[in-house]
Every structure is written in structure tokens, then in C-alpha cells.
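Reading the structure
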Amino acid sequence: MTQTTDYSDNSFALPSLTKSASDDIQEKFIAAILFSCALVSVFTTFGIIFIIFQETFSFFQEVSLAQFFLDTRWTPLFAQRHFGIWPLLNGTFSTSLVAMAVAIPLGLSSAIYLSEYAKPKVAAFLRPAVELLAGIPTVVHGYFALLFVTPALRNFLPLEVFNALSAGLMMGIMITPTVGSISLDAIQSVPRSLREGAYALGVTKVETIFKVVLPAALSGISASIILGISRAVGETMTVLIAAGQQPRLTLNLFESVATLTAFMAQISGGDSPRGSLNFKTLYAVGAVLFVITLALNLASYIISHRFKEKYE
Amino acid sequence: MAQSTQSDNSLNSAEFTDNIDGREKVGKVFEILFLIGLLVGLFVLALMLLNIGHDGLSSLFRPGFLTETPSRFPERGGIRPAIFGSVILGLIVILVAVPIGVGAALYLEEYAPKKWWTAFIEINISNLAGVPSIVYGLLGLGVFNYLLGFGATLISGALTLALLSLPVIIVTAREAIRSVPDSLRNASYGLGTTKWQTIQNHVLPYAIPGILTGVIISVSRALGDAASLVVIGAVSFLTFDPGLFQRFMALPIQIFSYITRPEPGFANVAAASILVLLFVIFALNGVAIYIRQHFTIAK
């Protein structure tokens, strides 16, 4: 494309070769606008941190840290109020555990198959199909968990209507593409020479995968798993719909549990006015969730960046 | 393994058998296991679509389902306010998040000096991409509902979803901008253009297909997000199409509320609403895939 707008109307005339002052101002102005666009993301982070911790601070003026971290009952909506966070952490932990038990093997085998076995044409078709799974809204997973997976499993397991198992299973399917596509990138960036070195020593393909490729891609794979855990911890609709709203300290996956996120959604739907203890409780639970996911995301970021330095 | 004959004293070469047939068999078993692992996800996807299609198709084609307001009875009424809400939400997300997201990406790729604070902005964006959507709901509730005083309205929901989409748009736009060859920029500079003229006339046109793909994917995620809107306070029952500063509905919220109704029959309406949402999302993703492939062929 040719640049004509700045020149005189007669396109054959020589353009002015001196940089005009207005050009300079315009350039600086544009750079400033683009910079402020980048700042929006910084403000978003500070906004989240400020708002969450402001409300959490006033929460802890009404509820002591001991009540929050040492009590084992979570009943903020009952007359007899207890604010022990552990039952909610328990719910988040058990559903995430099931989800990762599904997502890690499925995600890794998808990644290995697509990278090491599938013919390029097959992979070109399968990869978007797997990624399509990631685009399905989580209410849909919740619907399927509650109305298909749970009834199906109840044929041979003593499940409650709402239970951690079905919710966790569907959440695992939901997270599989996250684990899969990041692991796939990691596995594909293992240099071909490493594989060929192994083959030259008479090692079979599957032995090469387990003893050469996967160890070489380990940091990328770990990053994908940590990111998957972070998604599981933050996932709301599936667990809200299928795991229920019973804050319990239990490792029994057949029972109903409440996760951090499910409680937040529950208390939001109840229209708690600003300034009420319920409203502050929403933010205090949000703070716990935010801190956990932040730690996981940063860990994943750091691990994957070490990996980048190693191979580029 | 073969190389262990040298280092491992317990074996001497006479005893060593490579057992290559057995090892290849193990390999075959694992290949099949990996394939099964890949297919399980796709199988569940197919099962999900069949199940929801089976539950929802009859309600979907009921007259008035797409054009009427909700009813307390599952066999009557429709989901028009929810569709309307989702369309407006999507449009505002595009209007707000795309310029800011592309602007931020341009800054980070074309302008940003390598300083500690650019590294900070980058870590920050990659972290924001992993913040759960319900936490964005908390931000929106605090900033748009209360601080700016919009209340639980369509505009609060839309701006929250815009912030939610921003990181993905920035990340994909950056990739698209990074893939523009430097030779194009240098050729343009060689003709005496300014930085912005180069970006405007060469970098952006080249990067647009990649940017569009990212935009479509992130908008389709935003359209399917319910958690943040639950916190903002989207309602599950409306008898009119909401204005910008009115209480609002959206498809995923409508679906959630239908799922939680105990009366029989609502599950079918939920499934039918899911079909509408999935149709929109699959159509958007199809467009994204088309753009991506069309673009790769053209290059």
C-alpha cells in the first residue's frame, strides 16, 4: 500500500521531506493512547485487589480471623452463624481433585496422540474439535452433569442428587482442552533431534515418549496442569448446578458439597445489600479464591517461562 | 533398554535380549490408550450434544419460543429477552474490548520499551487471563454497580464482560501482530513513513485475520459466561427487552434459572435454550476457523 494522504493533492509532486511538528505531536498522542489501553489491564488488576480487600478488611472487623480459619462450620446464612472457611475449601478441593483426575490423563494423552501419532491431516481436523470442547459454556456442563451423568451413575453408585463426583467429572472434561493444548505446545517444541537420538539407540517410540519427550516437556506440562487446577478452582456454574450448596467437611464424593465459587454465586443471587455482613462475606470468600488462583497462575507463568528460556 | 548393557553390571551381553517385539507391543497398547484418551473428550462432547438435542428440540421449535417473553409454565412463553440481552452484551463487549485490547497489544508489541514495568504489564495480563470469571463479577459489582452507580443493569454486565474478554483479546492480538514480518515494517519506514502510518497501513491489515479470530473466540466465551453475571445481578425473569440502564437477562442466566426450577418440563426448556446458545457459539467459532484457514491459504 502506498502512503498518499500526507502528500499534496498532486500525487506526482515530491512530498515534503521534513518531519512536521504536527506529525510529531500526532505520533506522541497515539503512543499515549495506546499506552493508556495497556494500562486498563493494570487498573483491572488493581481494581480487583482494591475492591476485594477493602470489603474483606471490613469483613474481618466483624468476624475474627480465628472464626474464619479455625472453625469447621460454614453457616453464614443461618441464625446460628459460623464462618469457618474449611467446608468451602473442602468442596473446592474435592471437586477439583476429581476434575484433575480426569483432565490430566485425558489432556496429556490427547496432546501426545496429536503430536506424536496423528497424521498431520487427522491432527488438523482433531485439534479444532478438541478446542471446541473448551468453547462450550459451563452451564452446559452443569446441565449435563446434573441431568445425565448423575442419573446414569446412580444406577450403580449411591449418589446424592447433587454430588462432587458428577460435577468434578464434567469439570474435568471442561478442563481437558486447557491441559491438552498447552501440553501439546510443550511437547511439540521438544527438538526433533532428541527423539532421533533416542531412536538411534534402539529405543522404541513409546519409550522415547516416556523417557525423552515427556521429561523434556515437563515444565510446559506442569504449567498446563497448574493452570488446569486454577481453572477448576475458579469454575462456578458446573459445581453450582451439579455439586449443590451444602458446605460439608467430607471427602465422600457421593455427597453434596459447596465450593467457594458456589457459595459466592448463591449469596449473590440473594441480593445482599452493600455493607451487610453477607455482602462482605461474599468478598471475603472471593479474596480466598483470588489468592489461590493468583498463586497458581503465577506458578504456572514462572514455570512456563523458565521453559521458554531453555528452548529458544 | 539397549544401552543399559554397558552400564548395568547385572547383565552381560550374552543374557541380554532386546525383546523388541514385546516392547513394540507395549508401544501399540499405549498408542491405543492415547487415542482413547483423545476420543473420550470428543465422545462426551457428542453425547452431550445428542442428550441436549434430544431434550430440547421439541421446545425449540415450539411457536413463540424465540420471540416471546418467559412464562411461569414451561410449555408457554419464550426466551426473547435473554436473546436480546445476550446480543446487546456481545455488541458492547466488541465495542469496548476490541479497541482497548488491540490498542494494548499494539503498545506492547510496537512501542513498549524493555523495562521492568512492561514485564509487569505482561505478567499482569497473563494473570488476568486466569482470574476466574466470578472474580470479575466481584469487580463489576464493586465498580460498575456501586462506585459508578449503574446498579444491576445491562451496562454493568456488559462492561464486566468486556473486562473479562480483554486479556484473551490482548494475548491473541499480540500474537497476530508479532507474526507480521519485520521486512514489511522496514520497507514502510524506508519510504519515510511514521510509526503510526506503518502500523495503520501495513501492520494492522496484515494482522487483522489473527486479531479477528481472537476477538471472536473471546466474545463467544463472554456470551457463554454466567458466573460474573450472577454476581452482577442479572435477573431470571423479564417481560420486556431490557434497555442499557435496566435490569437484564442473558442466555446463560436464563439457562441456569431453568435448570434450577424443580417443576418437570423446565429441563426441556433449559435444553432448548442451550441449543440456541450453542448455535450462536458454534457459528462464531466456525467463522473464526474459516478466517484462520482462509488466511493460511492466502499466505
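Along every chain, residues carry numbers that run from 1 in the direction the sequence is written. Written order determines the labels here, with chains lettered from A and ligands numbered from 1. This being a predicted model, a pLDDT of at least 70 is required before a residue's local features are given, and a value of 80 or more before pairs of side-chain atoms are given or counted; all residues contribute to the totals for chains, interfaces and linings.

Here we take up the overall build of chain B. Starting at the N terminus, helices and strands are each numbered in turn, a helix being any DSSP run of H or I of at least four residues and a strand any DSSP run of E of at least two. In terms of helices and strands, chain B carries 11 helices and zero strands. Reading the secondary structure of chain B in the N-to-C direction produces α-α-α-α-α-α-α-α-α-α-α. Our radius of gyration looks at C-alpha atoms and nothing else; its globule reference is 2.2 Å times the residue count to the power 0.38. Computed over C-alpha atoms, the radius of gyration of chain B comes to 26 Å, more than 25% over the 19 Å expected from 2.2 N^0.38 for 299 residues, which places it beyond the range of a compact globule. For chain B, the spread of C-alpha atoms along the principal axes amounts to about 85 × 65 × 40 Å. Labels follow a simple rule on C-beta atoms placed from the backbone: if 20 or more others lie within 10 Å of a residue's own, it is buried; if 12 or fewer, it is exposed; otherwise it is partly exposed. Out of the 299 residues belonging to chain B, those deemed buried represent 46%. For the purpose of contact definition, each residue receives a C-beta atom placed from its backbone, and two residues are in contact when these atoms lie within 7 Å. Looking at chain B alone, contacts between residues at least 24 apart form 73% of all its contacts between residues at least 6 apart.

The subject of this paragraph is helix α2 (residues 20-60) of chain B. Residue and element names in this part refer to chain B. Take the residue count of a helix, subtract one, and multiply by 1.5 Å to get its expected span. Relative to the 60 Å expected for 41 residues at 1.5 Å per residue, α2 spans 58 Å between its end C-alpha atoms, a close match to the ideal helical length. Take the seven residues that end at a residue and the seven that start at it, fit an axis to each, and the angle between those axes is the bend at that residue. When the local axis directions of α2 are compared, the greatest deviation, roughly 40 degrees, occurs at His54. All buried positions along α2 are accounted for by Phe30, Phe34, Gly37, Leu38, Gly41, Val44, Met48, Ile52, Asp55, Gly56, Ser59 and Leu60.

Let us look at the environment of Phe125 of chain A. Residues and elements named next belong to chain A. With respect to the helices, strands and loops of the structure, Phe125 is situated in helix α4 (residues 120-134). A residue is classified by how many C-beta atoms lie within 10 Å of it, and Phe125, with 11 of them, is exposed. Separated by 17 residues in the primary sequence, Phe125 and Gly142 have C-alpha atoms spaced 27 Å apart.

Here we come to the domain arrangement of chain B. Residues and elements named next belong to chain B. By domain assignment, chain B separates into domain 1 (14-60) and domain 2 (80-298). Throughout, the edges of the domains are those of an automatic or database domain assignment. When each unit is reduced to the centre of its C-alpha atoms, the spacing between domain 1 and domain 2 is 33 Å. Contact residues are listed per partner, giving seven residues for domain 1 and seven residues for domain 2. For the side of domain 1 that touches domain 2, the class distribution of residues is two nonpolar, four polar and one charged. When residues are grouped by polarity, Ala, Val, Leu, Ile, Met, Phe, Trp, Tyr, Cys and Pro land in nonpolar, Asp, Glu, Lys and Arg in charged, and all others, Gly among them, in polar.

We now examine the interface of chain B and chain A. If you look at the interface, chain B gives 78 residues, while chain A gives 75 residues. Of all the elements, α2 of chain B adds the most residues to the side of chain B that touches chain A, at 18 residues. In the side of chain B that touches chain A, the residues fall into 52 nonpolar, 20 polar and six charged.

Further remarks concern the domain arrangement of chain A. Residue and element names in this part refer to chain A. Domain boundaries assigned for chain A yield domain 1 (21-62) and domain 2 (86-311). Look at where the C-alpha atoms of domain 1 and domain 2 centre, and you get two points 30 Å apart. The interface is formed by eight residues belonging to domain 1 together with eight residues belonging to domain 2. Partitioned by chemical class, the residues of the side of domain 1 that touches domain 2 number four nonpolar, two polar and two charged.

Every buried residue of helix α8 (residues 205-216) of chain A is listed here: Val206, Thr208, Ile209, Val213 and Ala216 of chain A. Projected onto a plane normal to the axis of α8 of chain A, the buried residues spread over an arc of 130 degrees and lie on a single side. In this structure, the buried residues of α8 of chain A make contact with α3 (86-117), α6 (164-188) and α7 (192-200) of chain A together with α2 of chain B. The reported arc concerns the directions from the helix axis to the C-beta atoms and nothing else.

Turning to the packing of helix α5 (residues 138-153) of chain A against helix α10 (residues 251-260) of chain B, a few remarks are in order. An axis is simply a line fitted to the C-alpha atoms; with a helix, the fit covers only the stretch in contact. Between two such axes, the angle follows the N-to-C directions and lies from 0 to 180 degrees. Relative orientation of the contacting elements α5 of chain A and α10 of chain B amounts to 15 degrees, with a least axis distance of 10 Å. By the angle between their directions, the pair α5 of chain A and α10 of chain B is classed as roughly parallel. Handedness of the crossing formed by α5 of chain A with α10 of chain B: left-handed. The residues of α10 of chain B that touch α5 of chain A, namely those facing Val139, Gly142, Tyr143 and Leu146 of chain A, are Pro252, Ile255, Phe256 and Ile259 of chain B. Looking at the contact of α5 of chain A with α10 of chain B residue by residue, the classes come out as seven nonpolar, one polar and no charged. Orientation labels follow simple angle bins: below 35 degrees gives roughly parallel, above 145 gives roughly antiparallel, 65 to 115 gives roughly perpendicular, and whatever is left gives oblique. Left-handed describes a crossing whose near helix is turned anticlockwise from the far helix by less than a right angle; the clockwise case is right-handed.

In summary, soluble globular proteins display a tendency toward joint burial of nonpolar side chains. Judged by nonpolar contacts, the single largest core of 180 residues is most densely connected at Tyr143, Met170 and Ile241 of chain A. Apart from the residues lying within four places of it in its own chain, the contact partners of Tyr143 of chain A are Ile241 of chain A together with Ile259, Ala270 and Ile274 of chain B. Any nonpolar core is a set of buried residues, restricted to Ala, Val, Leu, Ile, Met, Phe, Trp, Tyr and Cys, that join up through C-beta atoms within 7 Å.

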